Amino acid sequence: MPRYQGPAFVLKKWDLGESDQLVSFLSSSRGKLRGIAKGAKRSKKRFGGLLSPFLLVDIECFENPNRDLVRIERCSLIHYYASIYGDLEKLLVGCCALEFLERVLPERGSQEDWFQLLQSSLECLNQRAETGPLLWVFFAKALNLLGLQPQFGQCIHCRRRLGGSGVFGFSVPHGGVVCGACIQKGTATHRAASDTLRLLDSWVMLPVEEGISTVDGRNRCVREAARILEAFFVYHVGRELRSLRVMREVLADRRKVKG
Ligand SMILES: [Zn+2]
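Residues numbered from 1 in each chain as written. Predicted model: local features only at pLDDT ≥ 70, side-chain atom pairs only at ≥ 80, totals over all residues. Heavy atoms only, no water.

Participant: Could you give me a rundown of the coordination of the zinc ion, with the residues and numbers involved?
Facilitator: Donor atoms from the polypeptide that coordinate the zinc ion comprise Cys-155 (SG), Cys-158 (SG), Cys-179 (SG) and Cys-182 (SG), at 2.3 to 2.4 Å from the metal. Geometry at the zinc ion is tetrahedral, judged from its four donor atoms and the angles of 107 to 113° they form at the metal. (Donors = N, O, S within 2.8 Å, 3.2 Å for Na, K, Ca; no water. Tetrahedral: all angles 85-135°; square planar, octahedral: opposite > 155°, others 65-115°.)

Shown next as structure tokens:
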């Protein structure tokens, strides 16, 4: 039975009976795996309550070629993202990223890019004072990694590179920008300012931390970019994220309370 040991992030877990847990996790070299952790709710020595989201853990497990589920043997802490646990908004943003990965990633396969994206996103979330557009930077990069590769830099019909200023279209079903000359084809589903498209393009291209800092108070562009990204993944991935709805409801309630 091949043994795997390495860094991982828990994406989701479910209780199984009195003491066991089913855990979905993203490992650095095996991609997403699901496994049974026998006695996880009781064994402090083997698991120490560390099979939880927003911790970087070292997981040891055994893979059985005839079964989809691995057997998780033990885990230990590598890093604790303390500031995420201490901030409701950060926690909600983090939950959206984890739900997205748990839902869209196929199991197994070497997917180090995904691990790096989650790690750098959680590090930013942990270090920054404000969440800012982090979630949307994460989604822009994740949709690209998923192979959906939305085109923000050139027209999907005539391939003309976009430059200058002005308002363009974005076609969710066609997965990219529609230039002014091609807009009469009627494929655009959203309006998008050139600044918004440049922002989206930079989010795909730049590392997470740099992507966030390109925003520079362009809040209208961030809102426009968020609408496009959300419509894009709902259309192409075929489902909405429950965590995103919960995040909006909780943050709206909080704003009401603050008055
Ligand atoms: Zn065009």
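Participant: Tell me what's going on with the domain arrangement of the protein chain, and back it up with residues and numbers.
Facilitator: Under the domain assignment, the protein chain is made up of domain 1 (3–83) and domain 2 (132–258). In this structure, domain 1 and domain 2 have C-alpha centres spaced 34 Å apart. (Domains from an automatic or database assignment.)

Participant: Which residues make up the pattern of salt bridges, and what values do they have?
Facilitator: Between side chains of opposite charge, a pair can form as their charged atoms come close. Applying the stated rule across the entire model yields 17 salt bridges. Ionic pairing is found between Glu-102 and Arg-34, a salt bridge with its closest N-O pair at 2.4 Å. One end of the pair, Glu-102, is in helix α2 (residues 88–104); the other, Arg-34, is in strand β3 (residues 31–37), and 68 residues separate them in sequence. Look at Glu-102 and you get buried, because its relative accessible area is 10%. Classification of Arg-34 by relative accessible area gives partly exposed; the value is 23%. The closest approach of N and O atoms between Asp-195 and Arg-198, which form a salt bridge, is 2.9 Å. With Asp-195 and Arg-198 both in helix α5 (residues 194–205) and three residues apart, this pair spans about one turn of that helix. Exposure remark for Arg-198: the relative accessible area of 41% places this residue in the partly exposed category. (Salt bridge = Lys/Arg side-chain N within 4 Å of Asp/Glu carboxyl O. Helix = DSSP H or I, 4+ residues; strand = E, 2+ residues; numbered from the N terminus. Buried < 20%, exposed > 50% of the residue type's maximum accessible area, 1.4 Å probe, protein only.)

Participant: Lay out the nonpolar core in plain terms, naming residues and giving numbers.
Facilitator: Of all hydrophobic cores here, the largest spans 63 residues; its most connected members are Phe-100, Leu-101 and Trp-203. It is helix α4 (residues 134–145) that contributes the most residues to this core, nine residues altogether. Counting the residues that make up this core, at least three belong to each of domain 1 (3–83) and domain 2 (132–258). Apart from residues no more than four positions distant in its own chain, Leu-101 is found in contact with Leu-11, Leu-26, Lys-32, Trp-114, Leu-118 and Phe-138. Counting residues in hydrophobic clusters, the runner-up holds 18 residues, among them Ala-37, Phe-47, Val-57 and Cys-61. (Core = buried A, V, L, I, M, F, W, Y, C linked by side-chain atoms within 4.5 Å. Contact = heavy atoms within 4.5 Å.)

Participant: Residues and numbers for the packing of helix α3 (residues 112–127) against α4, please.
Facilitator: Their axes nearest at 11 Å, the elements α3 and α4 cross at an angle of 175°. Viewed along their axes, α3 and α4 adopt a mutual orientation that is roughly antiparallel. Facing Asp-113, Trp-114, Leu-117, Ser-121, Cys-124 and Leu-125 of α3, the residues of α4 in contact are Leu-134, Phe-138, Lys-141, Ala-142 and Leu-145. For the contact of α3 with α4, the residue count by class is eight nonpolar, one polar and two charged. (Axes fitted to C-alpha atoms, helices over the stretch in contact; angles between N-to-C directions. Parallel < 35°, antiparallel > 145°, perpendicular 65-115°, else oblique. Nonpolar A, V, L, I, M, F, W, Y, C, P; charged D, E, K, R; others polar.)

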